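Residue-level listing of the chains:
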Amino acid sequence: MNKRNILRATLALFVIGLFVGLAACGKKPPQRRGARAGAGGTSDLANAALATYVAPGDLDEYYLFYSGGHSGQIFVAGVPSMRHIATIPVFSPYPGTGYGFDDESKEMLGEYTWGDSHHPGFSETNGEYDGRWLFINDNAQGRLARISLRDFKTKQIITIPNISANHGSSFVTPNSEYVTMATRMSVPFPEGTYADVTEYASEYQGIVAGIKIDPDDGNLTLGWEILVPPFNYDLGDAGKGPSDGFLFWTCYNSEREFIEGGKLEVTASQKDKDYILMVDYREADKAIAAGSFKTIKGAPVIFPQETAGVAYFIPLAKSPHGVDVSPSGRWIIGSGKLSPTTTVFDMEKIKAAIAAKDFEETIDGIPVLTYNSVREAEIPVGLGPLHTQFDGKGYAYTSLFVESAVAKWKLPPYDDGADMNQYVVDKLPVAYNIGHLVAAEGDSMSPDGNYLVALNKLSKGRHLSVGPSIPESAQLIDITGDKMKLLYDAFTEPEPHYALIIKADKLDPIEVYKKGDPEWPQHPNAIWSTEEARIERKGKTVEVWMMAVRSFFAPDVIRVNRGDKVIVHVTNIEQTRDELHGFAINEYNINLVIDPGETKTVTFTADKSGVFAFYCTNFCSALHQEMQGYFLVK
Ligand code: K7E
Ligand code: CUA
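Residues numbered from 1 in each chain as written. Chains lettered and ligands numbered in written order. Predicted model: local features only at pLDDT ≥ 70, side-chain atom pairs only at ≥ 80, totals over all residues. Heavy atoms only, no water.

S.K.: Explain the overall build of the protein chain to me, using residue names and the numbers behind them.
M.R.: The number of helices and strands found in the protein chain is nine helices and 42 strands. For 634 residues, the compact-globule estimate of 2.2 N^0.38 gives 26 Å, and the C-alpha radius of gyration of the protein chain, at 27 Å, lies within 12% of that figure. Seen through its principal axes, the protein chain has C-alpha atoms that stretch 80 × 70 × 45 Å. Taking all 634 residues of the protein chain together, the buried fraction comes to 56%. Counted over contacts in the protein chain with a minimum sequence separation of 6, partners at least 24 positions apart contribute 60%. When the accessible area of the protein chain is evaluated, it comes to approximately 26,500 Å², of which 52% is carbon and sulfur surface. (Helix = DSSP H or I, 4+ residues; strand = E, 2+ residues; numbered from the N terminus. Rg over C-alpha atoms; globule rule 2.2 N^0.38 Å. Buried < 20%, exposed > 50% of the residue type's maximum accessible area, 1.4 Å probe, protein only. Contact = heavy atoms within 4.5 Å. Areas by Shrake-Rupley, 256 points an atom, 1.4 Å probe, with all protein chains shown as cover.)

This is the structure in structure tokens:
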């Protein structure tokens, strides 16, 4: 077969795999609870039920944070119950918490009303989740956000120059030195340059970036950018242990072709191998300190052509997706979507190859390590391998998109000349077409080895029908034994990509913003009594300092003239847990939710005359319904 035929055959296999899988799921129609309960032989089901049942009033053992894809949000659930607990809006407004309505969150969101959140990343200390911050990327607008795990709120959203479609993000180094960003879809460089797609190979470029995390307050700032060839930088991970100091990204389309109407799925699959890009961030830091960079669009950009030692390519089976570093940090695992194997690379061999300059070639100043010198093994896991997680007991779990299954396989060491099939020790079908998977504390240096969640792309009607727009499924799997056991089906908000599971006792969320607590510096416009409540007019600006408490607003009447600029600061003076108040002005699209002890500000123009009611939107007391007032516009 010539190259094109091989390619067609591979794609056909991929498609057949998909359909065979889809057909199989029609065999077992879902059953109503009653039917299943009477079926007999239910000991497996009963055990699964016991394993996932969290009695009323009891708490889950873990938090699951799963990305919401193009909903721009993060969802929080408990494990093992899989019950949804909270929604954290990040890149999209969310009326439920008033996010995107007050001045501060509106400014963070900027001109966008959505984002595409894929990969949550926890801050880490010594390779363990430390429960301080959660980061997440926006694949659409090239942004990165930081959420505080003290109050589960988005605190910062940054955009950096020259990055297009930030997908290989947000992967965090073992001591939270850096979180990654990367260009998935190469564009002309520098940012804002126009070049037609016919000039893709010569004028388009990729960028990978290291974003510094302030160790005290988590503030994100750009550390450096590295100019890389116009490939598509897909997924990433940060090294640890022997690979500490290195960052990894898979990339596809190393053909560097974008042919109009040419189908990227075909043109980007011509070569047998694509790459893992490996960046030595300490070398990048040194290059910045030595001034070996150019400032382009305000970003310090390192050019591998001029600065050796910052970046390397590792060849990998074509069209790779996931790259994952094992808990020990020694094994780097990359999966090519079109290959039925996953490849294990040895960090010790990688370091030796760099020292010996054992390179196959150089691409745009970036040396390509010799594949056979750095590869440890190719593991025949199955069709469509995407992502890999770990149990901390020497096993890895790889999601198989085409096969719709999870493969459990053994990490090295392997016997010389052994048949690698023996190291794939178990396979569990999932329903249906798994993307990412996540193990409890699975990205840390000590995974817990008990729970695994399969994040499936299709749910295929394993739930009450809700019309054509149906949820994805998330399946909880027990990985404590030799064989994986399916425990529970959960259904998720759209459209989860990655997730993280953290031990619940690692988080210490606050209950209220305590008055006088130095952790929550007083809002400059906070007021704590009716005496301080007031309305001041300066020219055509009306400023209101409002207090909310069970069950009234002070002041409860605001009089302005049409065209006035209106600034309202609302402080919820409650210091009792769960005593939230809302502040909504009807027909003015104003909807604040103020937590106990919190102050929020909204600025707007009174452009409609008339009388508008305002009221509390959060049920707060028996007299909640009476918590209202009037906004009069003359
Ligand atoms: Cu595989 Cu964006 Cu990590 Cu979706 S990505 S599955
Ligand atoms: Cu305050 Cu309802």
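S.K.: How would you summarise the site of ligand 1 if you had to cite specific residues and measurements?
M.R.: Neighbouring ligand 1 are H118, H119, H167, L235, H321, H387, G435, H436, K457 and H497. Counted by class, the shell around ligand 1 contains one nonpolar, eight polar and one charged residues. (Near = heavy atom within 4 Å. Nonpolar A, V, L, I, M, F, W, Y, C, P; charged D, E, K, R; others polar.)

S.K.: Describe the pairing of strand β30 (residues 472-478), and please don't skip the residues or the numbers.
M.R.: Here β30 lies mainly inside the structure; seven of its seven residues are buried. Of the two faces of β30, the one carrying E472, A474, L476 and D478 and the one carrying S473, Q475 and I477 are both buried. Bridging between strand β29 (residues 451-456) and β30 involves six bridges; their strand directions are antiparallel. Each residue of the ladder has a partner; that of L455, found in β30, is A474. Where β30 meets strand β31 (residues 485-492), seven bridges bridge the pair, whose relative direction is antiparallel. When the sheet's bridge partners are listed, E472 is paired in β31 with T492. (Pairing = 2+ DSSP bridges.)

S.K.: Before we move on, could you go through the nonpolar core and cite the residues and values that matter?
M.R.: Among the nonpolar cores identified, the biggest contains 41 residues, and L64 and F65 are the most heavily contacted of them. If you list the elements that add at least two residues to this core, you get β1 (62-67), β2 (73-79), β5 (128-138), β6 (143-148), β29, β30, β31 and β32 (499-503). In this view, L64 contacts F75, V76, A77, V79, M82, V438, A499, L500 and I501; residues no more than four positions away in its chain are not counted. (Core = buried A, V, L, I, M, F, W, Y, C linked by side-chain atoms within 4.5 Å.)

S.K.: How would you summarise the packing of aromatic side chains if you had to cite specific residues and measurements?
M.R.: Enumeration over the complete set of coordinates arrives at 26 aromatic pairs. Both rings, one in Y414 and one in Y423, keep their centres 4.6 Å apart while their planes meet at 45°; by these two values the pair is tilted. Residue Y414 is classed as buried on the basis of its relative accessible area, which comes to 14%. A ring pair is formed by F604 and F631, whose centres lie 5.6 Å apart and whose planes are at 65°; its orientation type is edge-to-face. You can see F604 sitting in strand β40 (residues 599-605) and its partner F631 sitting in strand β42 (residues 628-633), a full 27 residues away along the chain. (Phe/Tyr/Trp six-rings, centres within 6.5 Å; stacked < 30°, edge-to-face > 60°.)

S.K.: Describe in detail a negative patch on the surface, supporting the description with residues and values.
M.R.: Side chains of D196, E199, E203 and E260 sit close together on the surface and give a patch of like negative charge. Within the fold, E260 resides in the loop between β13 (246-252) and α6 (264-267). (Patch = residues over 30% accessible without salt bridge, like charges linked within 9 Å, V, L, I, M, F, W, Y side chains within 5 Å. Salt bridge = Lys/Arg side-chain N within 4 Å of Asp/Glu carboxyl O. Lys, Arg positive; Asp, Glu negative; His and termini not counted. Charge placed at Lys NZ, Arg CZ, Asp CG, Glu CD.)

S.K.: Outline the environment of D196, listing residues and values.
M.R.: Assignment of secondary structure puts D196 in the loop between β9 (187-188) and α5 (200-203). Separated by 3.0 Å, the side chain of D196 and the backbone nitrogen of T198 make a polar contact. (Polar contact = N/O pair within 3.5 Å; in protein donor to acceptor, adjacent residues only side chain to side chain.)

S.K.: Explain the pairing of β40 to me, using residue names and the numbers behind them.
M.R.: Most of β40 is tucked away: five of the seven residues are buried. Where strand β37 (residues 565-572) meets β40, seven bridges bridge the pair, whose relative direction is antiparallel. Bridge pairing in β40 places H569 opposite T601.

S.K.: Account for the sheet that holds strand β38 (residues 581-585), naming residues and giving values.
M.R.: Strand pairing in a sheet is mediated by backbone hydrogen bonds. Such pairs are either parallel or antiparallel. Strand order across the open sheet formed by five strands is β36-β42-β41-β38-β39, with mixed pairing between neighbours. Edge positions in the sheet fall to β36 (557-560) and β39 (590-594), since each has one partner strand and no second. Looking at each pair of strands side by side, their axes are set apart by 15° on average, direction ignored. Summarising the sheet, β36 and β42 pair through four bridges and their orientation is parallel. Paired with V557 across the two strands is Y630, which belongs to β42. (Axes fitted to C-alpha atoms, helices over the stretch in contact; angles between N-to-C directions.)

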